[in-house]
Amino acid sequence: MRWDHLYVAGTGAYLPKTMSVEDAIDAGVYDEESARHSGHLSVTVAAPEDSIPEMAVRAGQQALRRSGYRPEDVAAVTYSVVFHNGIDIWNSGSYIQKGIAAPGCLAAEVRSGSNGGLVAAELAAGYLHAHPTAKVAVSTAGDLWTDPYFDRWRTDRILYGDGAAAVALSREGGFARIVSMATYTDPELEAMHRGHEPFGPFQHDAEHPIDLNRRHQQFLEDFDKDEVWRRVEGGLQKAANQALEEAGRSMDEMDHLVAPHFGAGLTLRQCLRPLGVEDLNRTAWDFSRRTGHLGPADQFAGLNHLTETGALTPGKRVLLLGVGGGFSWTCAVLDILEETSWRGVPA
């Protein structure tokens, strides 16, 4: 989809303190071989009093405040999460809406795996353009990987960090124009994160911590590994090529690629090389290797980091890359129009 009047007016993030990879190795919860492959230096770890919804509220509040809009201007609030929100049978989207102080607007929780942030943003963008009087939408995303249910160091090949981030999207203007967004899906890969797990009314008594590595191996008992990689690479290529074509841009013109925080090895193989890119430094790598994978919030957090460090100057072009289990891929092309007023002001 090519957008004629869609902008990023504000960004925000809430990131807890970090735990270093060295400390994790010393504590016996991580190993040196995995550390060499991932290249991570640390991950963000929430304090006991932190919760995913509250972190998302704080990120959303910051994005809205930086946008210059008021809570009463908000037409839609979308919230994306992968893990458990902390309470069953509860509308977390309404909690985010209340925290942003935007009564009366559309509010919804969106679950689309680690691509959920960009999917939620794309849905919010569609809502803005379907309602001519709408001014701004706030899309938030975040996760918190809680022991004993999830082992951030060993559950998967990816290291997981806690935190939340957000963007405020506007029809009227902002520091960046979203030129195009494209999503491609391949549901034949949904079992990669399900494995042979049985369906049931509740999973509270399931084996913990969750073992995604085992689920991946179970999936590969029924699916050729080479075919999986062809689909994973092809899905991203389809989304990226469509977004670039609709924007009238090429990959070489992209100054920054904001990719998932999958670690060096997997980011190169799954996200960059399929697009003909070999340089991790074209991404927000120096930032992502310090946070770990923030679930659906990687792209919002990476974009926020680039705004705060002053890396985004007028004329720069950015490609956001989203990858989520299911599988889905979303890519967005941004043109930077102006420097942000919060440059040099960390979250």
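Residues numbered from 1 in each chain as written. Predicted model: local features only at pLDDT ≥ 70, side-chain atom pairs only at ≥ 80, totals over all residues. Heavy atoms only, no water.

### A word on unusual backbone geometry
With glycine set apart, most residues show a phi of negative sign, and most peptide bonds adopt trans.
So, point 1. Residue Pro148 is reached from Asp147 by a cis peptide bond, and omega for that bond is 0 degrees.
So, point 2. In this chain, Gly326 is followed by Phe327 through a cis amide linkage whose omega measures -5 degrees.
So, point 3. Along the chain, Phe327 falls in the loop between strand E10 (317-324) and strand E11 (328-336).
So, point 4. The backbone phi angle of Ile89 is positive, close to 50 degrees, even though this residue is not glycine.
So, point 5. Looking at the element boundaries, Ile89 is found in the loop between strand E4 (74-80) and helix H4 (92-100).
So, point 6. A relative accessible area of 88% places Ile89 in the exposed class.
So, point 7. The phi dihedral of Ala101 is positive, around 65 degrees, even though this residue is not glycine.
So, point 8. One can find Ala101 in the loop between H4 and strand E5 (106-110). (Helix = DSSP H or I, 4+ residues; strand = E, 2+ residues; numbered from the N terminus. Buried < 20%, exposed > 50% of the residue type's maximum accessible area, 1.4 Å probe, protein only.)

### Points about the environment of His305
So, point 1. With respect to the helices and strands, His305 occurs in helix H10 (residues 298-308).
So, point 2. A sequence separation of 194 residues divides His305 from Arg111, and the C-alpha atoms of the two residues are 24 Å apart.

### A few points about the sheet that holds strand E1 (residues 7-14)
So, point 1. Ordered by their spatial adjacency, nine strands build an open sheet running E5-E4-E6-E7-E1-E8-E11-E10-E9, and the pairing between neighbours is mixed. Single-partner strands in this sheet number two, and they are E5 and strand E9 (256-258). Going across the sheet, the axis of each strand differs from the next one's by a mean of 25 degrees, ignoring polarity.
So, point 2. In this sheet, E11 lies alongside strand E8 (residues 176-185) in antiparallel orientation, the contact comprising nine bridges. Counterpart to Thr183 in the pairing with E11 is Thr330.
So, point 3. Contacts from helix H7 (residues 225-247) reach E8, E10 and E11 within the one sheet, and its direction differs from that of E11 by about 30 degrees. (Pairing = 2+ DSSP bridges. Axes fitted to C-alpha atoms, helices over the stretch in contact; angles between N-to-C directions. Contact = heavy atoms within 4.5 Å.)

### Regarding the packing of H7 against helix H8 (residues 264-272)
So, point 1. The N-to-C vectors of H7 and H8 enclose an angle of 70 degrees; their axes lie 8 Å apart at closest approach. Compared by their axis directions, H7 and H8 come out roughly perpendicular. Mapping the contact onto sequence places Trp229, Val232, Glu233 and Leu236 in H7 and Leu266, Arg269, Gln270 and Cys271 in H8. (Parallel < 35°, antiparallel > 145°, perpendicular 65-115°, else oblique.)

### What about the nonpolar core?
Proteins that are soluble and globular tend to have nonpolar side chains buried together.
So, point 1. In terms of nonpolar packing, the biggest core is built from 44 residues, with Met251, Leu319, Cys331 and Val333 touching the most fellow members.
So, point 2. When contributions to this core are tallied by element, the ones reaching two or more residues are E8, helix H6 (212-220), H7, H8, E10 and E11.
So, point 3. In terms of residue count, the dominant contributor to this core is H7 (nine residues).
So, point 4. Counting residues in each nonpolar core, the second largest holds 37 residues, with Ala76, Ala301, Leu334 and Trp342 among its members. (Core = buried A, V, L, I, M, F, W, Y, C linked by side-chain atoms within 4.5 Å.)

### Concerning the pairing of E11
So, point 1. The buried count for E11 comes to nine of nine residues, which makes it a mostly enclosed element.
So, point 2. Burial along E11 is two-sided: the face carrying Ser328, Thr330, Ala332, Leu334 and Ile336 and the face carrying Trp329, Cys331, Val333 and Asp335 are both buried.
So, point 3. Two successive antiparallel strands, E10 and E11, enclose a turn made up of three residues, where Gly326 displays a positive phi of approximately 140 degrees.

### Section: the pairing of strand E6 (residues 136-143)
For a regular strand, side-chain orientation follows a simple rule: the groups alternate between the two sheet faces.
So, point 1. Most of E6 sits inside the fold, with eight of its eight residues counted as buried.
So, point 2. Because side chains alternate across E6, one face comprises the buried residues Val136, Val138, Thr140 and Gly142, and the other comprises Ala137, Ser139, Ala141 and Asp143, equally buried.
So, point 3. Pairing of E6 with strand E7 (residues 163-170) involves eight bridges; the strand directions are antiparallel. Bridge assignment links Thr140 to a residue of E7, and that residue is Ala166.

### Some points on the packing of aromatic side chains
So, point 1. For the coordinates displayed, the defined rule picks out eleven aromatic pairs.
So, point 2. With centroids separated by 4.8 Å and ring planes inclined at 75 degrees, the aromatic side chains of Phe150 and Tyr160 adopt a geometry described as edge-to-face. Of this pair, Phe150 sits in the loop between E6 and E7 while Tyr160 sits in the loop between E6 and E7, placing them ten residues apart in sequence.
So, point 3. The exposure class assigned to Tyr160 is buried, which follows from its relative accessible area of 6%.
So, point 4. Each member of the aromatic cluster is reached from another via a ring pair, and the members are Phe83, Trp145, Phe150 and Tyr160.
So, point 5. We note Lys238 situated over the ring of Tyr184; from NZ or CZ to the ring centre the distance is 5.3 Å.
So, point 6. In this arrangement the basic side chain of Arg269 is found over the ring face of Trp229, its NZ or CZ atom lying 3.7 Å from the centre. (Phe/Tyr/Trp six-rings, centres within 6.5 Å; stacked < 30°, edge-to-face > 60°. Lys NZ or Arg CZ within 6 Å of the ring centre and 35° of its normal.)

### A few points about the side chain of Arg215
So, point 1. The topology assignment puts Arg215 in helix H6.
So, point 2. Glu197 provides the closest opposite charge to the buried, unpaired Arg215, separated from it by 4.3 Å.
So, point 3. In this structure, Arg215 is in contact with Ala191, Met192, His193, Arg194, Gly195, Glu197 and Ile210, ignoring residues within four places of it in sequence. (Lys, Arg positive; Asp, Glu negative; His and termini not counted. Salt bridge = Lys/Arg side-chain N within 4 Å of Asp/Glu carboxyl O.)

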